[in-house]
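# Notes for the structure review
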Amino acid sequence: EPEVTQTPSHQVTQMGQEVILRCVPISNHLYFYWYRQILGQKVEFLVSFYNNEISEKSEIFDDQFSVERPDGSNFTLKIRSTKLEDSAMYFCASSRGGETQYFGPGTRLLVL
Amino acid sequence: KNEVEQSPQNLTAQEGEFITINCSYSVGISALHWLQQHPGGGIVSLFMLSSGKKKHGRLIATINIQEKHSSLHITASHPRDSAVYICAVPRAGTASKLTFGTGTRLQVTL
């Protein structure tokens, strides 16, 4: 069964460094999403992406964040100049249309 | 913004019990999502529903749009059902900007 994959599974970085989190959505899906979950807290929506552009974003998704679909398969989340409070689990998801979203296993980011 | 409240926060049940988890939201929506988060952190979509009832195996989800309320039922619960169950709804006027509940942590014991 097709699934969403994410790399790396864990990433440790120093405050101020840039990180790129990678996702490979399900191949015939058209809508892509990033979420984050700070330890012990709710899942939070970051951004949705369709037709090579951001369709919706949350207040959290400020200029520090960017998303890109650099080729036909990858969907990336870049965090410039990471802060301690960016430490969280980051989930990618994809859907074919506006229905069920399929989640990746997540990337656990730790900023020191 | 759509506020999402789930109850109970924690639930312990014995194997075989019928389980109900509730979700209430504050603003009218087009559809509601139920998700399952495993102890390791992975998230699985269980249902997306906009009216009535959906069933998948031992899981049943219902929604009452007028009352802004949804329930997730698990029949004949099993220890492998132990997980956090989360409901999520889109913010008013959006389709994908989901607001998530805090989740219900379910523990099913033998």
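Here the structure is shown first, and the text comes after it.
Note that the structure is predicted; figures quoted are calculated from it, not measured.

A word on the state of the cysteines. Within this structure, the stated rule accounts for 2 disulfides over all chains. Disulfide pairing places C23 of chain A opposite C92 of chain A at an S-S distance of 1.9 Å. Looking along the S-S bond of the C23 of chain A-C92 of chain A disulfide, the torsion reads about -60°, which is the left-handed sense. With C23 of chain A in strand β3 (residues 19-24) and C92 of chain A in strand β9 (residues 88-95), the pair connects residues that are 69 residues apart, well separated along the chain. Disulfide pairing places C23 of chain B opposite C87 of chain B at an S-S distance of 1.9 Å. Sign of the S-S torsion, about 70° for the bond between C23 of chain B and C87 of chain B, identifies this disulfide as right-handed. A residue pair is termed long-range when its members are at least 10 positions apart, and C23 of chain B in strand β3 (residues 19-25) and C87 of chain B in strand β9 (residues 83-90) qualify at 64 residues. There is no split in this pair, since C23 of chain B and C87 of chain B are both buried.

The next subject is the pattern of salt bridges. Inspection of the entire model under this criterion finds 3 salt bridges over all chains. The shortest N-O distance in the salt bridge between R36 of chain A and E44 of chain A comes to 3.0 Å. R36 of chain A gets classed as buried once you look at its relative accessible area, which sits at 10%. Since its relative accessible area comes to 24%, E44 of chain A is described here as partly exposed. For D81 of chain B, the salt bridge identified is with R58 of chain B, shortest N-O distance 2.9 Å. Separated by 23 residues along the polypeptide, D81 of chain B in the loop between β8 (69-74) and β9 and R58 of chain B in the loop between β6 (52-56) and β7 (59-64) bring together distant segments of the chain. With relative accessibility at 25%, the residue R58 of chain B sits in the partly exposed group.

Now for the environment of N74 of chain A. Residues and elements named next belong to chain A. In this structure, N74 sits in the loop between β7 (65-68) and β8 (75-79). Separated by 49 residues in the primary sequence, N74 and P25 place their C-alpha atoms 7.0 Å from one another. If we ignore the near neighbours within four places in the chain, the residues touching N74 are C23, V24, E68 and R69. There is a polar contact of 3.5 Å between the side chain of N74 and the side chain of S73.

Cut-offs applied
- Residues numbered from 1 in each chain as written.
- Chains lettered and ligands numbered in written order.
- Predicted model: local features only at pLDDT ≥ 70, side-chain atom pairs only at ≥ 80, totals over all residues.
- Heavy atoms only, no water.
- Disulfide = S-S within 2.5 Å.
- Helix = DSSP H or I, 4+ residues; strand = E, 2+ residues; numbered from the N terminus.
- Buried < 20%, exposed > 50% of the residue type's maximum accessible area, 1.4 Å probe, protein only.
- Salt bridge = Lys/Arg side-chain N within 4 Å of Asp/Glu carboxyl O.
- Contact = heavy atoms within 4.5 Å.
- Polar contact = N/O pair within 3.5 Å; in protein donor to acceptor, adjacent residues only side chain to side chain.

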